[in-house]
Amino acid sequence: MNSPKLGTLAGRAIDFAPQAKLEDNQPAPPKPPRWAHIHAPDVRASVSGTIWRGMRREVKVFLANPNALFGTGILLVVALSALLAPLLYPGDPLEMVARPFLWPGQNPAYPLGTDSMGRDVLAGIVHGARISLTVGLAATALGLTAGIAIGAIAGYFGGLVDDVLVKFIEIFQTIPSFVLLVVLVAIAQPTTATVTVAIAIVSWTTVARLTRAEFRAIREKDYVLAARSLGFGHARIIFREILPNALPPLIVTSSVMVASAILMESALSFMGLGDPNRVSWGSMIGAGRDVIRTAWYLTALPGLAIVFTVLALNLIGDGLNDALNPRFAEER
């Protein structure tokens, strides 16, 4: 066996050979694993496949709920009416087309009759669905975006950031929502965009509180702590680890928010604070209230449209809650 090589440093002999020599026939010790499989494509594929299989189970549970299917059917009819409104009634729904106060069924050309100005009631209901759904979906999207952003930051970081954001949320919650909505629309010009933004401003606080509660409960989970130990950044942990697991209650809440936004837009239009250049269900009810004793259908028909649309959204929300709520996992 070769003798160890020697070197000199400041007149002293230094042994560069290892202190514990290996035998010629002894294998080298294995190197520690580099954990390369953490980012392996097959692992990501298996995780995504598991999530997709879980989603398929939730979809089956949702489709097995008759109330949810009934609500979905009603909402599809309303959505199709809104999409096909320019094709079914290409003209202006505010245009006078016939003699005033035609009752439903009196003239086949106007199945739901005409109002006090000779405008087609069915055309107004179909075009009003476009405004109601547009405002409801857009306001909910804006409210969800703002609420999730603020609630996620407050719930994830905690401490002083949480205290400041909670006080900010409480400031908005101390003001009655509809009063603040009326003030915002009255100050600005009453247009569809203004009404949408105003509804989003008064509705984001509920989402923010719910998101904060979910993030505070999830941020101490084992998989979140593991992500932190692996050195993942805050943005990746928030959007890839916590937010997907906090989505089920937010999805259920979004359906209720759409229904609330439709009701708020209808109330504003009923008070004359809606877009004067657009027909909506609330404005139709407001226009027919003066003749409710002699032509009750002018308020009943758009009112029924609001009732069925809100009912459909609530039924869908209940179905989503049954499908996504983990408390019902054992029953499923």
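Please refer to the structure placed before this passage.
What counts and how
Residues numbered from 1 in each chain as written. Predicted model: local features only at pLDDT ≥ 70, side-chain atom pairs only at ≥ 80, totals over all residues. Heavy atoms only, no water. Phe/Tyr/Trp six-rings, centres within 6.5 Å; stacked < 30°, edge-to-face > 60°. Helix = DSSP H or I, 4+ residues; strand = E, 2+ residues; numbered from the N terminus. Buried < 20%, exposed > 50% of the residue type's maximum accessible area, 1.4 Å probe, protein only. Lys NZ or Arg CZ within 6 Å of the ring centre and 35° of its normal. Expected span 1.5 Å × (residues − 1). Arc of directions from axis to C-beta. Contact = heavy atoms within 4.5 Å. 1 Å grid on protein atoms, 1.4 Å probe; cavity = no way out; pocket = protein on both sides within 12 Å on 5 of 7 lines; lining within 4 Å. Points joined across faces, edges and corners; volume = space filled by probe spheres on them. Nonpolar A, V, L, I, M, F, W, Y, C, P; charged D, E, K, R; others polar.

Peer 1: Explanation requested: the packing of aromatic side chains in the structure shown.
Peer 2: The geometry of an aromatic ring pair comes down to the distance between the two centres and the angle between the two planes. Taken as a whole and judged by the stated rule, the model has 6 aromatic pairs. With a centroid separation of 5.3 Å and 70° between ring planes, the pair formed by Phe 172 and Trp 204 is classed as edge-to-face. On the criterion of sequence distance, the pair formed by Phe 172 in helix α5 (residues 159-173) and Trp 204 in helix α7 (residues 192-218) is long-range, its members being 32 residues apart. Residue class for Trp 204 comes out buried when judged on its relative accessible area of 6%. An aromatic cluster of at least three residues, connected via ring pairs, comprises Trp 103, Trp 296 and Tyr 297. Its guanidinium or amino end placed over the ring of Phe 232, Arg 236 lies 4.1 Å from that ring's centre, counting from NZ or CZ. The positively charged end of Arg 289 is found above the aromatic ring belonging to Phe 270, 4.7 Å away from the centroid.

Peer 1: Is there a simple way to explain α5 in this structure?
Peer 2: Across its 15 residues, α5 extends 21 Å between first and last C-alpha, which sits within 8% of the 21 Å expected from 1.5 Å per residue. The complete set of buried residues in α5 reads Asp 162, Leu 165, Val 166 and Ile 169. On an axial view of α5, the arc spanned by its buried residues comes to 105°, and they lie on one face. Exposed and facing more than 90 degrees away from the buried side of α5 are Leu 160, Val 164, Lys 167 and Ile 171. Looking at the buried residues of α5, the elements they touch are α4 (121-157) and α7.

Peer 1: Help me understand the layout of surface pockets in this model?
Peer 2: Picture a little ball the size of a water molecule; that probe, rolled over the atoms, points out where space is still empty. Its boundaries defined by the atoms lining it, the second largest pocket holds a volume of some 310 Å³. Arg 119, Val 279, Ser 283, Met 284 and Ala 287 are, among the 22 residues lining the second largest pocket, the residues nearest its centre. If you list the elements that add at least two residues to the lining of the second largest pocket, you get α4, α9 (234-270) and α10 (281-288). At 5 residues, α10 tops the list of elements feeding residues into the lining of the second largest pocket. The residue makeup of the lining of the second largest pocket, split by class, is 10 nonpolar, 7 polar and 5 charged.

The quantities given are spatial measurements derived from coordinates; they are silent on function.
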